[in-house]
Amino acid sequence: MIPGLFIITILASSVITIFYKNHIRDASSRWDAFWLFLGLGAPLALVYGVICAITGFTFDLPTVLTALVAAICHVACVMALLQSLKLGSFSISIIIINMNFCIPIICSAIFLKEKVSLLQIIGIVLLIALIVFINCEKKEKTSNNNEETKEIFNDNGKQSALKWVEKNSYLIYALIACITNGLINFLIKTQQFFTPGSSSGNTFYFILYATEAVVALMVIIASLLIKKCKKNKVQLKGNLFLNGLYLGICFAICMYPQTKLAQLVAAPVQFTITAAGAVLFSIAIACVKYKEKFTIKHLISTICCITAICLQVIF
């Protein structure tokens with residue numbers, strides 16, 4: 001059962017990542033992303049609402065609070081992710097964002113008192129090094145960026161620092177996406193830790209997606225009214241809504257096994273294996289679909305991923 005849950009989680013989360021990579025240019029402004037949330041949140045809120053109506057709602061404090069915070073984190077994560085991938089270095093953004101698997105592991109160890117063995121720590125560090133290794137850019141680009149950074153900071157202190165932050169804002173967006181994505185996973189685990197069971201889990205997702213849908217609808221209506229008042233052309237983003245609907249299906253497929261895994265395995269096992277599995281899946285896609293050669297880099301990555309997975313289960 002557990003291997004099957006991991007496979008479904010890895011496949012669904014990888015499809016979601018591919019979607020973001022392929023659709024980062026769809027939203028002409030950051031507010032257009034709320035059409036995604038409307039298409040994602042409204043149908044899922046309806047589905048989970050019907051399920052809860054049949055099985056019963058569980059409106060206890062841990063479930064409600066974690067769901068509301070998760071909704072805020074999810075909105076912040078997607079908007080920051082899209083902005084980061086739009087504005088700056090794709091590979092550096094991916095390195096930062098992919099580190100999100102560390103957040104729930106650290107938080108679970110601190111707040112939920114989950115034990116992390118030495119072998120598991122070695123596996124986590126190995127995976128972090130691998131993510132940097134896979135996505136690192138050429139040295140020339142890095143050195144140019146370093147020279148620009150030195151020039152900016154050697155200019156005029158505070159004003160120069162602000163210029164550097166503005167120029168490299170994608171790094172801040174990537175960090176926000178990393179932290180909020182990691183917090184979502186930790187909140188799912190926290191909710192199942194305090195109030196385990198399918199009823200509370202369904203209520204959690206109902207509140208999460210209903211909150212996203214309501215916020216998205218309010219923002220969309222406000223933006224349309226503002227455009228109308230300014231006599232700008234008002235456009236309905238039907239394509240983004242449909243993309244959100246597609247994303248919602250992927251999220252629904254991904255979240256169910258993820259919730260089950262939160263009940264069955266510790267955070268280091270769950271999130272390290274999921275992250276390593278996603279890397280293996282991306283290598284397979286690159287070689288099979290995009291006809292890339294299986295290089296030494298791919299071989300090293302595969303060996304490191306398998307080693308990281310083994311270190312999580314052998315302790």
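Residues numbered from 1 in each chain as written. Predicted model: local features only at pLDDT ≥ 70, side-chain atom pairs only at ≥ 80, totals over all residues. Heavy atoms only, no water.

As a further point, take the nonpolar core. By size, the foremost hydrophobic cluster in this structure holds 46 residues, and its most contacted members are Tyr 20, Tyr 209, Leu 247 and Phe 251. Within the residue set of this core, elements represented by two or more residues are α1 (2–22), α2 (33–55), α3 (61–87), α4 (90–98), α9 (169–194), α10 (198–229) and α11 (238–264). When residues of this core are assigned to their parent elements, the largest contribution, 12 residues, is made by α3. Apart from residues no more than four positions distant in its own chain, Tyr 209 is found in contact with Leu 40, Gly 41, Leu 44, Ala 45, Tyr 48, Phe 251 and Met 255. Counting residues in each nonpolar core, the second largest holds 19 residues, with Cys 178, Ala 275, Ile 283 and Cys 305 among its members. (Core = buried A, V, L, I, M, F, W, Y, C linked by side-chain atoms within 4.5 Å. Buried < 20%, exposed > 50% of the residue type's maximum accessible area, 1.4 Å probe, protein only. Helix = DSSP H or I, 4+ residues; strand = E, 2+ residues; numbered from the N terminus. Contact = heavy atoms within 4.5 Å.)

Here we come to the environment of Tyr 20. Here Tyr 20 shows up in helix α1. When neighbours within four sequence positions are excluded, Tyr 20 is seen to be in contact with Val 78, Leu 81, Leu 82, Leu 85, Leu 247 and Phe 251.

Okay, the packing of helix α6 (residues 118–135) against helix α13 (residues 296–313) next. Across the interface, α6 lies against α13 with an axial gap of 8 Å and an inter-helix angle of 155°. Between α6 and α13, the interaxial angle falls into the category roughly antiparallel. In this structure, α6 meets α13 at a crossing whose hand is left-handed. Across from Leu 119, Gln 120, Ile 122, Gly 123, Ile 124, Leu 126, Leu 127, Leu 130, Phe 133 and Ile 134 in α6, the residues of α13 making contact are Lys 297, Ile 300, Ser 301, Cys 304, Cys 305, Thr 307, Ala 308, Leu 311 and Gln 312. Here the residues of the contact of α6 with α13 sort into 13 nonpolar, 5 polar and 1 charged. (Axes fitted to C-alpha atoms, helices over the stretch in contact; angles between N-to-C directions. Parallel < 35°, antiparallel > 145°, perpendicular 65-115°, else oblique. Left-handed = near helix turned anticlockwise from the far one by under 90°. Nonpolar A, V, L, I, M, F, W, Y, C, P; charged D, E, K, R; others polar.)

Quick look at the side chain of Thr 195 now. With respect to the secondary-structure elements, Thr 195 resides in the loop between α9 and α10. When its relative accessible area of 15% is taken as the criterion, Thr 195 is described as buried. Contact partners of Thr 195, with chain neighbours within four places excluded, come to Asp 60, Pro 62, Thr 63 and Ser 200.

So, about the environment of Phe 194. Along the chain, Phe 194 falls in helix α9. With relative accessibility at 51%, the residue Phe 194 sits in the exposed group. Setting aside its immediate chain neighbours within four residues, Phe 194 contacts Pro 62 and Leu 112.

Residue Lys 113 is not a glycine yet carries a positive backbone phi of 60°. Assignment of secondary structure puts Lys 113 in the loop between α5 (102–111) and α6.

Let's shift gears to the packing of α6 against helix α12 (residues 267–288). Running from N to C, α6 and α12 point in directions that differ by 30°, and their axes come no closer than 11 Å. Accordingly, the angle class assigned to the pair α6 and α12 is roughly parallel. Crossing handedness for the pair α6 and α12: left-handed. Along its contact with α6, which presents Gln 120, Gly 123, Ile 124, Leu 127, Leu 130 and Ile 134, the element α12 presents Pro 268, Val 269, Thr 272, Ala 275, Ala 276 and Val 279. Among the residues making up the contact of α6 with α12, the classes are represented as 9 nonpolar, 3 polar and no charged.

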